[in-house]
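The lines below spell out each chain.
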Amino acid sequence: MTIIECEECGSKLVASNYGVPHEDSIRNTIGHCACRNITIKWINATQPAKNKGILTVKYKKSYPIITEISEAEKYKKQKEEENLKKNKKLGFQS
């Protein structure tokens, strides 16, 4: 999973949430952060090609922070958060 984070507004975009736009779509911009510093664009491949196109990340002011998280790390982090919720104690902790 690839996470694209904007330094300007702190928005986090997950690249796998964006895919091939509809064929009747005129725009090639398929996503952006809250402040519009980062835009995710779709570029069609020239046929014949094995893929339909590629996603590209553009920015206006500051570089995006792009982080790759493997599915194993994602699962591990989720389990740790569940364990913290289960073990959460009320009152003072030492």
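Since the structure is predicted, the reported quantities are computational estimates derived from the model, not experimental observations.

1. With respect to the layout of surface pockets
At step 1: Space inside the second largest pocket adds up to approximately 150 Å³.
At step 2: Lining the second largest pocket, in full, are Met1, Ile3, Glu5, Lys12, Thr67, Ile69, Lys74 and Lys77.
At step 3: Residues that form the lining of the second largest pocket fall into these classes: 3 nonpolar, 1 polar and 4 charged.

2. Quick look at the nonpolar core
At step 1: Core analysis: the largest hydrophobic core is formed by 7 residues, namely Ile4, Cys6, Leu13, Ala15, Cys33, Ile38 and Ile40.
At step 2: The residues touching Cys6, leaving out its near neighbours within four places in the chain, are Ser11, Cys33, Cys35, Asn37 and Ile38.

3. Details of the side chain of Ser62
At step 1: Relative to the helices and strands, Ser62 is located in the loop between β5 (53-59) and β6 (65-68).
At step 2: In this structure the side chain of Ser62 is engaged in a polar contact, spanning 3.0 Å, whose partner is the side chain of Glu8.

Analysis parameters
Residues numbered from 1 in each chain as written. Predicted model: local features only at pLDDT ≥ 70, side-chain atom pairs only at ≥ 80, totals over all residues. Heavy atoms only, no water. 1 Å grid on protein atoms, 1.4 Å probe; cavity = no way out; pocket = protein on both sides within 12 Å on 5 of 7 lines; lining within 4 Å. Points joined across faces, edges and corners; volume = space filled by probe spheres on them. Nonpolar A, V, L, I, M, F, W, Y, C, P; charged D, E, K, R; others polar. Core = buried A, V, L, I, M, F, W, Y, C linked by side-chain atoms within 4.5 Å. Buried < 20%, exposed > 50% of the residue type's maximum accessible area, 1.4 Å probe, protein only. Contact = heavy atoms within 4.5 Å. Helix = DSSP H or I, 4+ residues; strand = E, 2+ residues; numbered from the N terminus. Polar contact = N/O pair within 3.5 Å; in protein donor to acceptor, adjacent residues only side chain to side chain.

By themselves these figures say nothing about function.
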